[in-house]
Every structure is written in C-alpha cells, then in structure tokens.
Amino acid sequence: MTALLEVRHATRRFAGLIAVNDVSLTLAQGEILGLIGPNGAGKTTLISLISGTLEPSDGELLFQGVSINRLPAFRRARLGIGRTFQIMRPFPGLSVLDNVAVGALFGRDGGQTRLAPAREQARACLEFVGLDKHIDQRADELGGAGRKRLELAKALAMQPKLLLCDEIMAGLNHVEIEEVIDLLRKVRDQGISILVIEHVIKAIKSLSDRLLVLHHGEKIADGTPEDVLSDPVVVQAYLGKKRP
Ligand SMILES: Nc1ncnc2c1ncn2[C@@H]1O[C@H](COP(=O)(O)OP(=O)(O)OP(=O)(O)O)[C@@H](O)[C@H]1O
Ligand SMILES: [Mg+2]
C-alpha cells in the first residue's frame, strides 16, 4: 500500500548548520506518528519541509505517492496537508470565527469559495475544539491555551488528510493536555493521519502509534513508543540517563 506521506533523505541546511540531515520516514493512512527530540533537533524544520513553508536542500517528499517537492505551501494545503504553528500568529484584529474561516477558505481542494459556508465550517471546527463560546472575540484576546486550540481549529478547517501539529500541548495543564489528546484521537477516528511534535512524553506515548526521534537533525530512532522510549540511544540523547 502506498504511504500517505513519504520523506526520502530530506536535508535542510541553513548557513553553516544542518537542521535536518538525511531524514527518511513514512506515514501510513490513519496513523499517528509522534516526533520527539531535544530543542533544536530539527522537528519544526521537518514539519516545515512537509507543509512547504521551507524548501529542502536535498531529498524528496511524496504525498499519496506523488512528488510535492516543487509545490508551494498553498498547493500542498489543497492536496490535504494542514499544519499548526509552534509560534502562533493569529490574525489579531479578526474574530476567532474569521481566523478559522480563513483556514476554510484555503483548504483541501481549494476550500470554500464564499464566506458564509466558510464561517459555518469554522463554527463546527470551533465547537469541536471547545472554543465555540469565544467565536466573537478578537483572536488576540484569547489566552495561550485558547490560541493553541485556535491553531488546531484553523488547521482542521482546511479539512486536511494529514494534520501536522507542532507542540499544541506546550504550556497546557494536565486536564487541558488530556482534552487535546482526546481531540486528536477523534480527529484520527475521522480518517485524518497525524504527525505530532510534543515534549510531553506521557502524552505522546499514549497518543502515538509510532515514535520517531530526531537529534541534531538526524533520525536516531523510529518504532513503537515502548521500544523507542527504552532505546538507550534515545535515553542518552533526549530523556536523560536516569528515567523516572
Ligand atoms: N530560519 C532559520 N534560519 C537559520 N537557522 C534556523 C532556522 N530555523 C531553524 N534554524 C535552526 O535549525 C535548528 C533546528 O531548529 P528547529 O526549530 O527545527 O528545532 P526544533 O526541534 O523544532 O526545536 P524546539 O523543540 O525548540 O522547537 C536549530 O539549530 C535552529 O536554530
Ligand atoms: Mg520546534
């Protein structure tokens, strides 16, 4: 079966620095793949290569078996690749509803063409993430946890086949983290595949079918959460020598 996403030997260099170094991965339809690694390991850069906000220096990316290397981000969004941003930049002057409607207007297959149905779609996504009480607020009035949910709603409004989540649990409390895990499971139950970056090990372990670890831009492990989290190389590089 063709993987939904295949990354072949992706490398991304910034002047003098290799942020992603010869990374290959596959993501199957309906799979939740967790991406972990220390700060600066290249996780966000890898997501940016997949979503098209950065170009690879080397390597090839295939989505549904077709090369997407030359497609700009908006064309990849039309194919069904949606992402959240670690550094959240909502349109501050727009309402929460219209921030998400923007996602609906630029989503899979081109998205909605008119504002009214885009807002309807946005409303459904905001209900799904639990922000329906805030739809008329300005986006910059939301707190940190609300902005994370807004990022998720915006990406979901694009009706992706593949959802790329960049630390949407950072800064959330335990209850909020559990809620986001539940949301992502529901997203997957709708048939959406997910690549999720997260530092909260307990969360990523319970959520992911498979874990991939980056360290200094290189893939150092790829396997079941149990195997990966007990791999001495991963413990040494990321988890610390003594695990609780
Ligand atoms: N636009 C850029 N220009 C130059 N260097 C960059 C750029 N973006 C990222 N880097 C560098 O590439 C490396 C990987 O960064 P990246 O943001 O992908 O790491 P990360 O794994 O997401 O880290 P974190 O857990 O802190 O979010 C870092 O050394 C970073 O400073
Ligand atoms: Mg990052």
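Okay, so let's go over this structure. Predicted model only: the values in this text are computed from it and were never measured.

1. Considering the site of ligand 1
Near ligand 1 you find 14 residues, and of these G40, K43, T44, T45 and Q86 are the closest. Between ligand 1 and the protein, one listed contact pairs an oxygen atom with a backbone N or O atom of A41 at 3.1 Å. Contacts to ligand 1 include K43, whose side-chain N or O atom sits 2.8 Å from an oxygen atom. Here ligand 1 loses 61% of its free accessible area of 640 Å² to cover by the protein chains.

2. Observations regarding helix 4 (residues 115-129)
Over its 15 residues, helix 4 extends 21 Å from the first C-alpha to the last, a length consistent with the 21 Å expected when each residue adds 1.5 Å. Among all positions in helix 4, only A118, Q121, A122, C125, L126 and V129 are buried. Down the axis of helix 4, the buried side of the element spans an arc of 140°, and every buried residue falls inside it. Among the structural elements, helix 3 (96-105), helix 5 (144-157) and helix 6 (174-189) are those in contact with the buried residues of helix 4. Once helix 4 ends, the next one or two residues include G130, with phi positive near 85°.

3. Here we look at unusual backbone geometry
Unlike most non-glycine residues, H9 shows phi in positive territory, near 50°. Of note, H9 is situated in strand 1 (residues 5-14).

4. Thoughts on the sheet that holds strand 4 (residues 58-63)
The four strands lie next to each other as 2-1-4-5, forming an open sheet whose pairing is antiparallel. Each edge of the open sheet is held by one strand with a lone partner, namely strand 2 (17-27) and strand 5 (66-67).

5. Here we look at the sheet that holds strand 9 (residues 210-215)
Pairing is mixed across the open sheet formed by six strands, whose spatial order is 6-7-8-3-9-10. Looking along the sheet, the strands with just one partner apiece sit at the ends: strand 6 (81-83) and strand 10 (218-223). Taking each pair of neighbouring strands and ignoring which way they run, the sheet shows an average axis angle of 15°. In terms of strand pairing, strand 6 meets strand 7 (residues 162-166) through three bridges, oriented parallel. Following the sheet pairing, G82 is matched in strand 7 by L163.

6. A look at the packing of helix 3 against helix 4
Direction vectors running N to C along helix 3 and helix 4 enclose 110°, while the axes themselves pass 8 Å from each other. One way to sum up the angle between helix 3 and helix 4 is to call them roughly perpendicular. In the packing of helix 3 onto helix 4, the handedness of the crossing is right-handed. Contacts from V96, L97, D98, V100, A101, A104 and L105 in helix 3 reach L115, A118, R119, Q121, A122, R123, C125 and L126 in helix 4.

Reading guide: rules and limits
Residues numbered from 1 in each chain as written. Chains lettered and ligands numbered in written order. Predicted model: local features only at pLDDT ≥ 70, side-chain atom pairs only at ≥ 80, totals over all residues. Heavy atoms only, no water. Near = heavy atom within 4 Å. Polar contact = N/O pair within 3.5 Å; in protein donor to acceptor, adjacent residues only side chain to side chain. Areas by Shrake-Rupley, 256 points an atom, 1.4 Å probe, with all protein chains shown as cover. Helix = DSSP H or I, 4+ residues; strand = E, 2+ residues; numbered from the N terminus. Expected span 1.5 Å × (residues − 1). Buried < 20%, exposed > 50% of the residue type's maximum accessible area, 1.4 Å probe, protein only. Arc of directions from axis to C-beta. Contact = heavy atoms within 4.5 Å. Pairing = 2+ DSSP bridges. Axes fitted to C-alpha atoms, helices over the stretch in contact; angles between N-to-C directions. Parallel < 35°, antiparallel > 145°, perpendicular 65-115°, else oblique. Left-handed = near helix turned anticlockwise from the far one by under 90°.

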